[in-house]
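Commentary on secondary and tertiary structure
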Amino acid sequence: MVSRSVIACCHTLLEKNLTISFAESVTTGKLIYDFSSVPDCGKILKGSIVCYDVSVKQSLFNISEEIVEKYTAESQEVTQLLAEGLRRLMPADVMVAVTGLASPGGSESPEKPVGTIFVNGYIKEKAWMTKLYFEGSPDEIISQTSDTIATILLDELTKLP
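Note that the structure is a prediction, hence the values are computed from the model and not measured. Throughout, a residue's number is its position along its own chain's written sequence, starting from 1. Selection of residues for local features in this predicted model requires a pLDDT of at least 70, selection of side-chain atom pairs for listing and counting requires 80 or more, and totals for whole chains, interfaces and linings are taken over all residues. With hydrogens and water excluded, all non-hydrogen atoms of the structure serve as input to the side-chain values.

1. A few points about the overall build of the protein chain
Applicable threshold: Segments assigned H or I by DSSP are reported as helices when at least four residues long, segments assigned E as strands when at least two residues long, and all are numbered from the N terminus. Only C-alpha atoms enter the radius of gyration, while the globule expectation follows 2.2 Å times N to the 0.38, with N the number of residues. Each residue is placed in one exposure class: buried if its accessible area under a 1.4 Å probe, protein chains only, is under 20% of its type's maximum, exposed if it is over 50%, and partly exposed if it falls in between. The contact definition used throughout considers only heavy atoms, calling two residues in contact when any of these lie within 4.5 Å. For the charge count, each Lys or Arg is scored as positive and each Asp or Glu as negative, with His and the chain ends excluded. Charged groups are reduced to one reference atom each: NZ for lysine, CZ for arginine, CG for aspartic acid, CD for glutamic acid.
In terms of helices and strands, the protein chain carries 6 helices and 5 strands. Ordered by position from N to C terminus, the α and β elements of the protein chain give α-β-α-β-α-α-α-β-β-β-α. Taken over C-alpha atoms, the radius of gyration comes to 15 Å for the protein chain, in line with the 15 Å a tight globule of 161 residues would show. Here the protein chain holds 161 residues, and 48% of them are scored as buried. Restricting to contacts in the protein chain with at least 6 residues of sequence separation, those with at least 24 account for 64%. Both charge centroids of the protein chain, one from 14 positive and one from 21 negative side chains, sit 8 Å from each other.

2. Quick word on the side chain of Thr12
Residue position: Thr12 is located in helix H1 (residues 4-15). Setting aside anything within four residues of it in sequence, one finds Thr12 in contact with Leu154 and Leu157.

3. Let's talk about the nonpolar core
Here is the rule we go by: As used in this record, nonpolar core signifies buried Ala, Val, Leu, Ile, Met, Phe, Trp, Tyr and Cys residues forming a set joined through side-chain atoms within 4.5 Å.
Counting 31 residues, the largest nonpolar core has Leu13, Ile20, Phe35, Val96 and Leu153 as its most contacted members. Of all the elements in the fold, those that place two or more residues in this core are H1, strand S1 (20-24), helix H2 (30-36), strand S3 (94-100), strand S4 (116-123), strand S5 (126-133) and helix H6 (138-157). The biggest single contributor to this core is H6, with 6 residues. Once residues within four sequence positions are removed from consideration, Leu153 is found in contact with Cys9, Ile20, Val94, Val96, Ile123 and Trp128. Residues Ala23, Ala73, Val78 and Met90 belong to the second largest nonpolar core, which totals 16 residues.

4. Quick notes on the sheet that holds S3
Applicable threshold: Should DSSP find at least two bridges between two strands, the strands are taken to pair. Helix axes are fitted to C-alpha atoms over the stretch in contact, other axes to C-alpha atoms as well, and angles between N-to-C directions run from 0 to 180 degrees.
Spatially, the 5 strands line up as an open sheet ordered S2-S1-S3-S4-S5, and their pairing is mixed. Looking at the sheet topology across the chains shown, the edges are occupied by strand S2 (45-50) and S5. Adjacent strand axes in the sheet meet at a mean angle of 15° when their direction is disregarded.

5. Overview of the pairing of S3
As a general feature of sheets, a regular strand has side chains that alternate between the two faces. Most of S3 is tucked away: 7 of the 7 residues are buried. Along S3, one buried face is formed by Val94, Val96, Val98 and Gly100 and the opposite face, lined by Met95, Ala97 and Thr99, is buried too. For S1 and S3, the ladder comprises 5 bridges, and the chain directions are parallel. If you follow Ser21 over to S3, its bridge partner there is Met95. Pairing analysis gives 7 bridges linking S3 to S4, with the strands arranged antiparallel. From the neighbouring strand, Thr99 faces S4, where its bridge partner is Phe118.

Shown next as structure tokens:
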């Protein structure tokens, strides 16, 4: 079931006649699924690129191996590069890129445990970013990520004229 924040975010995008696109790693398509589940949202959705594997981040988004080695595939730096790449690949009024760790086996560390999520994006030309942390199963972490991104966007969109 789609969260109230996703529904409200979609309605606000519709009211303001804005489009949205996603570059999803950790959310594996959950954002586009949630947003596309709201009636009439075909008018706002540009699409989503699921770039779960690091090779997709490197080949499609031109993120160098050196950057990935220095910061890891799940980092604020790589997420920012995904957001910048999304501007080129699928421009929209609102763009969201997300990476992170929903389960063990990635680049987790004491400073970046499982549940750490990085989000970067643009609303019009204004860049924004946040780092989130959630606990729970991978599904719970991903659902909380989708809901929180919608909440953040809704807050920012209501500030637009």
